[in-house]
Structure formats: C-alpha cells, structure tokens
Amino acid sequence: MAGAEWESLEQCLEKNLPPAELREVKRLLYGKETRKLELPSRASEAALEGDFELQGYAFEAAEEQLRRPRIVRVGLVQNRIPLPADAPVAKQVSAIHERIEVIAEVAAMCGVNIICFQEAWTMPFAFCTREKLPWTEFAESAEAGPTTRFCQKLAKKYDMVVVSPILERDEEHGDVLWNTAVVISSSGAVLGKTRKNHIPRVGDFNESTYYMEGNLGHPVFQTKFGRIAVNICYGRHHPLNWLMFSVNGAEIIFNPSATIGALSESLWPIEARNAAIANHCFTCAINRVGEEFFPNEFTSGDGKKAHHNFGYFYGSSYVAAPDSSRTPGLSRNRDGLLVAELNLNLCRQMSDIWNFKMTGRYEMYARELTEAVKPDYNPNIVKE
Ligand SMILES: NC(=O)NCCC(=O)O
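Below is a short write-up of the structure.

Parameters at a glance
Residues numbered from 1 in each chain as written. Predicted model: local features only at pLDDT ≥ 70, side-chain atom pairs only at ≥ 80, totals over all residues. Heavy atoms only, no water. Axes fitted to C-alpha atoms, helices over the stretch in contact; angles between N-to-C directions. Helix = DSSP H or I, 4+ residues; strand = E, 2+ residues; numbered from the N terminus. Parallel < 35°, antiparallel > 145°, perpendicular 65-115°, else oblique. Left-handed = near helix turned anticlockwise from the far one by under 90°. Contact = heavy atoms within 4.5 Å. Buried < 20%, exposed > 50% of the residue type's maximum accessible area, 1.4 Å probe, protein only. Polar contact = N/O pair within 3.5 Å; in protein donor to acceptor, adjacent residues only side chain to side chain. Pairing = 2+ DSSP bridges. Near = heavy atom within 4 Å. Areas by Shrake-Rupley, 256 points an atom, 1.4 Å probe, with all protein chains shown as cover. Nonpolar A, V, L, I, M, F, W, Y, C, P; charged D, E, K, R; others polar. 1 Å grid on protein atoms, 1.4 Å probe; cavity = no way out; pocket = protein on both sides within 12 Å on 5 of 7 lines; lining within 4 Å. Points joined across faces, edges and corners; volume = space filled by probe spheres on them.

1. Let's talk about the packing of helix 4 (residues 89–109) against helix 5 (residues 146–158)
Axis separation between helix 4 and helix 5 bottoms out at 11 Å; the angle between their running directions is 15 degrees. Considered as vectors, helix 4 and helix 5 are oriented roughly parallel to each other. For the element pair helix 4 and helix 5, the recorded crossing hand is right-handed. Along its contact with helix 4, which presents Val93, His97, Ile100, Glu101, Ala104, Glu105 and Ala108, the element helix 5 presents Pro146, Thr147, Phe150, Leu154 and Tyr158.

This is the structure in structure tokens:
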C-alpha cells in the first residue's frame with residue numbers, strides 16, 4: 001500500500017502517458033478540463049515559504065441572459081498534525097491553530113470566500129485508540145470554544161465563511177461529545193452547526209466509542225456567497241445523506257474527512273464526484289495527510305499485531321462539479337490549499353439538462369422506504 005513515496009495519480013499519469021492519451025484519460029477521469037487559476041505571486045511565495053502546496057482551478061458555466069454569473073471561491077485545507085500526538089493537548093491545539101492561520105492568510109490572498117478545514121482538524125485522529133484521555137480533552141464548545149473564537153477572528157478579518165469541523169463538547173446537554181462542523185459567517189457570527197450523521201464502524205475508525213450519530217438532520221446554511229452544507233467524512237458513503245442536503249437547497253457540500261489508503265483510496269475519487277453529478281451541486285472532498293502515531297498500542301480486532309500507527313492519510317483533496325468535471329487532487333503527502341472558483345449558475349444549468357430533481361421518484365422512494373423500515377416488512381421479491 002502506497003505511503004508518502006507515491007505523490008499522486010495525476011503526477012503518475014502526466015509522467016507516463018503520451019499527451020494524446022493523457023488528454024483522453026483525463027477526459028474520462030476528470031471530465032471537462034478545469035481552467036488553471038492565476039493566483040497572486042505573493043500567495044505562491046508564502047505557500048513555498050510555509051511549505052505547503054497551493055493549487056487553483058476554475059469551473060466555467062454557460063453565460064445566461066437573466067442571471068449574472070454567481071462566482072465564489074472555496075478553499076480546501078489538508079494538513080498533517082504539526083506536533084506528535086503525545087505532545088501536551090494545549091500545545092497541539094495552539095500549533096495547529098498557528099499552522100492554519102498561515103494557510104488561511106494565503107487563502108485570503110487568493111480571494112477565497114469560503115474555507116473548510118479537515119475533519120476534527122484541531123486534533124490527531126485518535127479515535128482508533130478507544131482511549132478517553134487525553135483525546136476527549138480536545139473537545140470544545142461549538143458556540144464559544146477557543147477554536148470557534150479563533151475561526152471567528154479569521155472570518156471577520158478576511159470577510160470569509162469558515163467551516164470548522166471539530167470534536168464538540170455540548171455543555172448544555174450533559175457535556176456529551178459530537179463530531180460537529182461549525183459554520184461561521186463572514187461577519188464573524190456563528191451561523192450554526194451540523195453533526196456527523198453516520199458514525200463509522202469499520203477498521204480502526206472506532207468513533208462510536210466517543211459520540212453518537214448526529215441529531216441535527218441536514219441543515220443548509222445561507223451565506224452571502226451561496227448555500228452550503230457539510231457532509232462529514234463517512235457520510236459520503238451514504239447517497240441519501242448527500243441527497244437530503246441537496247433537497248434542502250445546498251449548492252456546495254463540503255466533505256471534511258479523515259481516511260486512510262488501505263481502506264478507502266479507491267472510493268475517494270468516485271464518491272464526492274458522483275454526489276456532485278447526482279445532486280446538481282458542487283462537492284468539496286478534503287482529507288488529512290500523513291501518519292499519526294499513538295503512545296499506546298491498539299489492535300484492529302483482526303488477530304494481527306497491535307500497533308501505534310493508524311495508517312496513511314492520503315490527502316488528495318479535490319472539488320467536483322455538477323457537470324462531472326473535477327479538479328486534480330492535491331498531493332497525497334503534503335499540506336495543501338486548493339482554491340477553486342465556482343460559478344454556482346452551473347448547478348441549475350445541469351439540473352435543466354439532466355433533470356434528476358424532476359425525474360427522481362421521491363414520493364415512491366419515501367413510500368417504499370417507510371414500509372421497508374417496518375419490522376414486519378416483506379422485501380418485494382418476485383418468485384416463480
Ligand atoms: N473519519 C471517518 O469517518 N472515516 C471513516 C472511513 C471512511 O469513511 O473512509
């Protein structure tokens with residue numbers, strides 16, 4: 001299984017395919033080509049100095065007579081944890097805030113309107129350990145915690161919407177934990193929060209030890225740049241989860257994730273891209289980078305030796321559009337900022353062409369699903 005030594009699918013294709021074939025392969029794997037964005041040279045210099053990748057692409061839409069283009073720039077941030085997982089909690093949180101502050105400043109230079117960080121961005125992805133302390137100490141109030149205050153400052157300073165996926169401690173309801181994304185308006189106000197609806201029970205993703213499935217449904221946030229939603233990590237395997245955000249009007253669905261190569265890398269390029277097509281919206285898939293080592297060994301419950309290492313987080317963050325085009329991914333092994341310019345008019349344009357919302361048989365599905373979840377349901381199998 002590839003670790004850091006394998007840079008990316010894109011690099012491999014560029015290196016090994018003759019130009020004419022590369023064009024055809026890209027046509028299938030990436031759809032209509034996205035235009036490379038001209039980003040300010042001071043942003044590229046700052047990225048170089050800060051040792052992170054900076055890429056920018058634009059999605060085009062057809063010109064309309066009655067609507068002006070609705071242009072919005074999104075910024076996707078993928079990163080390693082800057083300090084080892086056994087460093088003191090407060091130091092880890094400050095180090096990650098400092099790292100993200102540098103990347104957010106570059107995002108602002110690039111004109112980013114909405115920035116989204118990776119899942120549980122303020123901490124190592126420690127849920128594999130099943131230990132409570134010190135990992136639960138990373139949990140914070142979504143409304144008033146230090147990370148939300150940090151993001152509010154960024155939002156106000158840069159007139160930017162910030163999507164901040166954290167481990168939430170809900171002090172108003174018995175101090176319980178949730179996997180939550182806080183959405184902070186460009187005014188600096190907390191617009192709201194959304195919680196991870198599907199908790200993985202696969203491999204070392206032992207998240208059910210820490211929190212329950214979200215109870216906030218599928219909220220969509222009206223920002224001044226467009227309507228956004230957040231489908232946290234494992235929710236991307238559930239087409240109906242994407243659908244419900246779309247039913248509520250999401251034009252951009254962020255998918256902040258933490259996932260490893262051995263488990264999901266072959267699913268990664270397909271799922272968010274498919275969701276963008278099926279729901280006539282943009283999707284933004286973000287994954288963390290690198291390896292994380294935990295002080296105490298843990299087992300994977302598979303009879304194999306206990307280990308300290310979760311596996312390889314393969315980055316590869318990308319944006320997908322409703323017309324099936326997508327950006328190349330960021331690298332598999334470096335911190336990175338992906339800037340994508342979207343024209344939200346493309347959502348309705350694709351809907352008018354393909355009509356999935358119009359041809360979807362939602363009443364029929366709703367009726368049949370209502371029956372299917374009943375304990376006495378008989379599957380509709382026709383037998384001879
Ligand atoms: N963080 C998380 O939900 N990971 C589960 C694995 C996956 O969905 O690829």
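After presenting the structure, the write-up continues.
2. Some words on the side chain of Arg195
Following the sequence through the fold, Arg195 ends up in strand 7 (residues 190–195). For Arg195, a relative accessible area of 5% translates into the label buried. Within the local environment of Arg195, its side chain forms a polar contact with the side chain of Asp170, the two groups lying 3.3 Å apart. With sequence-adjacent residues up to four places away left out, Arg195 is seen in contact with Glu168, Asp170, Trp178, Asn179, Thr180, Gly214, Asn215, Leu216 and Ile232.

3. Examining the pairing of strand 11 (residues 282–286)
In summary, the side chains of a regular strand alternate between the two faces of the sheet. Judged by how many residues are buried, strand 11 sits mostly within the fold: 5 of 5 residues are covered. Here strand 11 shows a buried face lined by Phe282, Cys284 and Ile286 and a second buried face lined by Thr283 and Ala285. Taken together, the 5 bridges between strand 10 (residues 252–256) and strand 11 define a ladder with parallel strand orientation. What sits directly across from Ile253, in strand 11, is Thr283.

4. With respect to the site of the ligand
Near the ligand, the surroundings consist of 14 residues, among which Glu119, Lys196, Arg236, His237 and Thr259 are the closest. Take Glu119: an N or O atom from its side chain is 2.7 Å from a nitrogen atom of the ligand. Between an oxygen atom of the ligand and a side-chain N or O atom of Thr259, the distance comes to 2.6 Å. The fraction of the free accessible surface of the ligand (280 Å²) that becomes covered by protein chains is 99%. When the residues that make up the shell around the ligand are grouped by side-chain class, the tally is 7 nonpolar, 3 polar and 4 charged.

5. Focus: the layout of surface pockets
As a volume, the largest pocket reaches approximately 500 Å³. If you trace the largest pocket, you find 24 residues lining it, with Glu10, Glu14, Lys26, Tyr57 and Pro328 closest to the centre. Tallying contributions element by element places helix 2 (residues 19–30) first for the lining of the largest pocket, with 5 residues. Class assignment for the residues of the lining of the largest pocket results in 6 nonpolar, 7 polar and 11 charged. Estimated volume of the second largest pocket: approximately 410 Å³. Elements with a minimum of two residues in the lining of the second largest pocket: helix 6 (239–247), helix 8 (268–279) and helix 11 (362–372). When residues in the lining of the second largest pocket are grouped by element, the largest group, 6 residues, is from helix 6.

6. As for helix 6
When we look at burial in helix 6, the residues that qualify are Asn241, Trp242, Leu243, Phe245 and Ser246. Where helix 6 ends, the next residue or the one after it, Gly249, has phi of about 100 degrees, a positive value.

7. Let's talk about unusual backbone geometry
Between Leu133 and the following residue, Pro134, the backbone shows a cis peptide bond with an omega angle of 5 degrees. One can find Pro134 in the loop between strand 4 (114–116) and helix 5. Here Asp51, not a glycine, exhibits a phi torsion of approximately 55 degrees, which is positive. Inspection of the secondary structure assignment puts Asp51 in the loop between helix 3 (41–49) and strand 2 (53–58). Even without glycine at this site, Asp159 takes up a positive phi of about 55 degrees. In this fold, Asp159 is placed in the loop between helix 5 and strand 5 (161–170). Since its relative accessible area comes to 36%, Asp159 is described here as partly exposed.

8. Thoughts on the sheet that holds strand 17 (residues 336–343)
The strand order across the open sheet formed by 8 strands is 1-2-17-3-4-5-6-7, and the pairing between neighbours is mixed. The sheet terminates laterally at strand 1 (35–36) and strand 7, the two strands that pair on one side only. Bridging between strand 1 and strand 2 involves 2 bridges; their strand directions are antiparallel. Bridge pairing in strand 2 places Arg35 opposite Ala58. Most of the contacts of helix 4 go to strand 17, to which it runs at about 35 degrees, and overall it touches strand 2, strand 3 (71–78), strand 4 and strand 17.

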